[in-house]
There are 2 protein chains.
Amino acid sequence: MNDTDLINETRNEAEEGSYKLERSDVTAVVNAVERGDQGLLSMLMDPMHPADIADLLEQISTVERRKLIHLYDREFDGEILSELDESIRDEVIAILRPEVLADAVRELESDDVVDLIEDMNVTQQDVILDALEDSDRVAVEQSLAYPENSAGRLMQREVVMAPEHWTVGQAIDYLREQDTLPEQFYHVTLVDPRLKPVGNVTLGKLMGSKRDVLLWEITEAVFQVIPAMQNEGDVAYAFNQYHLISAPVVDEDERLVGVITIDDAMIVLDEEHEEDILRLAGVGEGSLSDRVINTTKQRLPWLAVNLVTAIAASLVIAQFEAAITQIVALAVLMPIVASMGGNAGTQSLTVAVRAIATKDLTGSNMWRVIRREVLVGLINGVVFAVIMGIVGLVWFGSPALGYVIAAAMVINMVVAGLAGTAIPVILEKFGIDPALASGAFVTTVTDVVGFFAFLGLAALVLL
Amino acid sequence: MNDTDLINETRNEAEEGSYKLERSDVTAVVNAVERGDQGLLSMLMDPMHPADIADLLEQISTVERRKLIHLYDREFDGEILSELDESIRDEVIAILRPEVLADAVRELESDDVVDLIEDMNVTQQDVILDALEDSDRVAVEQSLAYPENSAGRLMQREVVMAPEHWTVGQAIDYLREQDTLPEQFYHVTLVDPRLKPVGNVTLGKLMGSKRDVLLWEITEAVFQVIPAMQNEGDVAYAFNQYHLISAPVVDEDERLVGVITIDDAMIVLDEEHEEDILRLAGVGEGSLSDRVINTTKQRLPWLAVNLVTAIAASLVIAQFEAAITQIVALAVLMPIVASMGGNAGTQSLTVAVRAIATKDLTGSNMWRVIRREVLVGLINGVVFAVIMGIVGLVWFGSPALGYVIAAAMVINMVVAGLAGTAIPVILEKFGIDPALASGAFVTTVTDVVGFFAFLGLAALVLL
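If you're wondering where the values come from, they're calculated on a predicted model, not measured in any experiment. (Residues numbered from 1 in each chain as written. Chains lettered and ligands numbered in written order. Predicted model: local features only at pLDDT ≥ 70, side-chain atom pairs only at ≥ 80, totals over all residues. Heavy atoms only, no water.)

Draft legend 1. Region of interest: the overall build of chain A. In terms of helices and strands, chain A carries 22 helices and six strands. Its C-alpha atoms give chain A principal-axis dimensions of about 95 × 65 × 45 Å. When each of the 463 residues of chain A is scored for burial, the buried share is 56%. Entry remark: accessible area of chain A is about 19,100 Å², with carbon and sulfur atoms responsible for 55%. Where the 31 positive side-chain charges of chain A centre and where its 72 negative ones centre are 4 Å apart. (Helix = DSSP H or I, 4+ residues; strand = E, 2+ residues; numbered from the N terminus. Buried < 20%, exposed > 50% of the residue type's maximum accessible area, 1.4 Å probe, protein only. Areas by Shrake-Rupley, 256 points an atom, 1.4 Å probe, with all protein chains shown as cover. Lys, Arg positive; Asp, Glu negative; His and termini not counted. Charge placed at Lys NZ, Arg CZ, Asp CG, Glu CD.)

Next comes the structure, spelled out in structure tokens:
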């Protein structure tokens with residue numbers, strides 16, 4: 001094969017390289033599996049990115065998945081396992097033959113192996129660990145010694161470092177002499193004699209600088225050191241806030257022990273977002289591929305909490321049974337007041353929870369934000385009070401009923417702004433994740449206040 | 001100054017470099033501003049990261065902000081503007097003296113300038129564009145020629161490329177001869193003679209390979225080319241899905257025109273997440289620093305939609321006024337059925353919206369997911385039906401009322417699972433953002449079905 005051939009081949013590979021999992025791909029793969037056509041299956045799946053293969057495996061049924069893996073397992077890429085959703089991953093690992101699993105895992109970087117096995121039980125972990133070479137196993141075991149969700153778990157242990165007094169020329173020569181460099185690295189980290197990191201030099205800067213320039217003269221302006229015990233959420237926040245590409249990780253003695261790169265941080269950030277959005281809706285850590293029974297169990301506690309709060313609201317209604325019996329219009333209109341309050345409260349709540357997560361809502365501006373949300377609630381409350389007043393009047397022909405529902409609307413929407421902001425702030429102060437618990441509290445407040453204000457005023461004014 | 005002094009100075013700078021905005025920092029800055037102490041203010045703010053200064057400016061009041069900028073404006077960093085929330089940014093730009101603004105903007109990379117001015121009106125844009133040097137202005141204007149939210153707007157135009165047939169040695173020599181290289185770059189992009197990108201070589205790989213190795217032999221396995229007209233959301237998805245660090249951008253003729261790096265993609269991803277979470281709660285694009293009147297306007301349409309759906313539910317109740325007058329317990333219990341359905345529906349909905357955003361829920365698995373959610377709804381429905389049946393019996397002493405509420409609960413929670421999944425999928429098919437509109441539809445369905453099933457069954461069985 002001459003150069004031109006090789007180049008053409010590269011180009012073809014590159015053209016295949018624009019990935020995207022289409023519905024037609026999934027159908028084609030499922031058809032190949034049904035027909036048991038191993039050759040066609042390989043032809044279809046080999047150009048796919050492991051992340052897309054993982055998505056494909058998540059989208060097909062359990063039976064199809066089992067057949068596919070039996071047909072395809074000789075060439076199973078370890079990265080597919082890394083990309084798979086946890087529940088499907090366990091299933092796939094159980095199906096893979098031990099030697100295929102061992103091959104797949106040996107291909108992975110040590111930080112990916114950690115990510116893969118940290119949620120497994122000890123027996124499963126041992127199966128994977130035994131498949132690794134000694135040096136890799138030690139690296140994985142050392143990472144597992146750090147607490148879950150810590151920077152120590154997230155980091156890779158291979159670091160490219162240089163003494164702080166080196167020149168560009170010395171660093172380049174050193175790098176070019178190395179037999180193996182890490183797969184992914186973007187910085188040379190400068191360390192002092194006690195291995196404390198003191199600055200980062202980007203590879204681009206190194207390339208573009210004269211040989212006699214000192215490394216510390218071209219360190220990046222932005223430099224963030226991460227303690228190994230730091231929570232991964234804070235690590236992801238730092239990457240996002242300061243636009244980091246990689247950051248050195250240090251132990252308690254401030255010695256360099258590893259490095260975290262942006263791709264790891266991005267995964268954590270994505271998980272944190274998912275957690276926030278699901279928790280706000282009262283869904284635990286669920287995913288589409290969880291089994292029905294697990295999903296049912298995850299959602300049940302939140303529904304139970306909601307049942308208790310709904311009953312609390314009903315107890316308020318029960319206090320006004322006499323009024324409702326006399327004026328049945330109250331029963332017709334009361335859910336509107338509660339529903340509008342609940343919606344307004346959820347709006348304030350979501351903005352507040354998101355602002356707490358991005359550290360935009362803090363002790364410094366809490367009171368200003370609460371004042372603002374109450375004001376927004378008041379203005380929108382007045383707007384909808386006028387509308388509902390008119391609706392009440394037209395529908396039931398009673399001006400007094402119109403006044404009552406209007407007043408209740410204003411009260412409930414002001415309370416919604418207050419509760420929607422104050423409750424997550426208070427939960428955060430007590431160290432409770434505001435996304436997790438605020439929703440139930442806020443809608444309880446708006447339901448109880450809504451029914452009480454409307455029915456209470458009605459009882460006072462109309463009876 | 002000798003070497004050791006310089007090194008010590010570097011180390012001190014690095015120690016300052018562990019950023020974090022604390023409440024005490026905000027208080028200290030506000031105090032310095034109150035006292036008009038320019039020296040102290042500079043001392044406090046100079047070590048801060050621009051992203052933290054932006055957060056600080058967002059957290060203090062308008063009056064404090066104005067005073068602070070007047071005291072600090074001689075040293076105003078352009079990056080602070082990039083990091084500021086839009087509403088505050090406009091305010092700050094209006095306060096800054098023209099020459100300070102010009103200095104600040106000139107420091108920025110052209111893609112950051114694009115991000116800064118793309119939402120401004122033409123007059124404001126011209127002020128900024130006039131401050132730029134000619135070459136930068138042309139680059140910014142070319143980027144602005146691409147549609148909003150396109151890859152063309154996101155990319156930087158400075159690309160490091162090499163002919164596909166070069167060796168490692170040739171590439172290194174070429175890079176070392178350049179006077180200026182881009183601030184941030186991670187790959188050398190290989191191009192064919194028509195400037196079509198055919199592969200990426202990481203700088204690390206370049207450093208670690210022998211001089212006579214051909215570049216195409218060490219290209220990255222994962223290679224994704226991005227069309228300049230692609231939507232930025234799809235770009236961010238590709239970076240997240242395929243763990244890209246940088247990717248070449250091409251025009252319609254597949255010629256290389258720019259490069260997008262992961263930090264830009266991460267910002268887009270963060271914005272998309274924010275949009276999803278806020279839209280699910282019926283909040284537009286709001287932020288804490290928006291003015292009250294803007295926030296009120298943003299939230300009003302969603303509350304209006306909710307009012308219409310709440311009235312629709314009330315109309316259902318109104319059909320059963322006679323039943324409620326006879327058995328007032330129906331009015332007490334009916335919100336429970338609706339509320340549980342609404343909660344279960346929101347759970348299914350949130351999982352579905354999130355799964356659509358991450359492309360985990362597609363045409364391929366839609367029916368399986370719907371079946372699964374309906375089953376989850378059924379199981380949880382039965383559980384809460386039993387509980388509520390007992391509650392109904394104990395509270396009101398009527399077994400028949402217990403059966404009715406139990407049956408209504410099962411019906412509504414099954415419908416919740418169905419509507420919560422099917423509605424976002426259908427909206428997505430019609431090209432409507434499911435996060436934006438699903439909530440109102442789903443709760444309308446669960447309210448209407450909840451009230452109708454409970455009151456209808458009650459009217460049939462109990463009267």
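There is more to say after this.
Draft legend 2. Seen up close, the UniProt feature "transmembrane region" (unreviewed entry) in chain A. Residues annotated in UniProt with the feature "transmembrane region" (unreviewed entry) correspond here to residues 300-320, 326-353, 374-397, 403-427 and 439-462 of chain A. Secondary structure over residues 300-320 of chain A splits into 90% helix and 0% strand, and the C-alpha atoms at its two ends are 31 Å apart. (UniProt positions renumbered as here; feature names shortened; annotations may be inferred.)

Draft legend 3. Representation of the interface of chain B and chain A. Listed as interface residues are 141 residues of chain B and, on the opposing side, 140 residues of chain A. With both sides pooled, the region where chain B packs onto chain A buries about 12,600 Å², and carbon together with sulfur makes up 61% of that total. On the chain B side of the contact with chain A, R176, M207 and L288 of chain B bury the most area, a combined 7% of that side's loss. Our enumeration of links across chain B and chain A arrives at eight salt bridges. In this structure, E373 of chain A and R299 of chain B form a salt bridge, with 2.7 Å as the shortest nitrogen-oxygen distance. On the surface where chain B and chain A come into contact, there are 47 residue pairs in polar contact (both at pLDDT 80 or more). Residues belonging to the side of chain B that touches chain A are distributed by class as follows: 75 nonpolar, 34 polar and 32 charged. (Contact = heavy atoms within 4.5 Å. Buried area = accessible area lost by both parts, 1.4 Å probe. Salt bridge = Lys/Arg side-chain N within 4 Å of Asp/Glu carboxyl O. Polar contact = N/O pair within 3.5 Å; in protein donor to acceptor, adjacent residues only side chain to side chain. Nonpolar A, V, L, I, M, F, W, Y, C, P; charged D, E, K, R; others polar.)

Draft legend 4. Focus on the pattern of salt bridges. Residues and elements named next belong to chain B. Counted by the stated rule, this structure contains 34 salt bridges over all chains. The residue R137 makes a salt bridge to D134 at a minimum N-O spacing of 3.0 Å. Taken together, the residues R137 and D134, both in helix α11 (residues 134-144) and three residues apart, mark about one turn of the helix. For D134, a relative accessible area of 54% translates into the label exposed. With a closest N to O distance of 2.5 Å, R211 and D173 form a salt bridge.

Draft legend 5. Geometry of the sheet that holds strand β3 (residues 197-202) of chain B. Residue and element names in this part refer to chain B. Spatial ordering of the open sheet is given by β1-β2-β3, a layout of three strands whose pairing is mixed. Two strands close off the open sheet at either side, each with one partner strand: β1 (161-163) and β3. When the angles between neighbouring strand axes are averaged without regard to direction, this sheet yields 30 degrees. Sheet topology places strand β2 (residues 187-191) next to β3; five bridges connect them, and they run antiparallel. (Pairing = 2+ DSSP bridges. Axes fitted to C-alpha atoms, helices over the stretch in contact; angles between N-to-C directions.)

Draft legend 6. Focus on the sheet that holds strand β6 (residues 256-261) of chain B. Residue and element names in this part refer to chain B. One open sheet accounts for three strands, arranged β4-β5-β6; its pairing is mixed. In this open sheet, the two edge strands, each paired with only one partner strand, are β4 (226-227) and β6. Here strand β5 (residues 246-250) runs beside β6; their pairing, made up of five bridges, is antiparallel. Bridging from a neighbouring strand, V250 pairs with L256 of β6. Across the sheet, helix α15 (residues 232-242) touches β4, β5 and β6, and the angle it forms with β6 is around 60 degrees.

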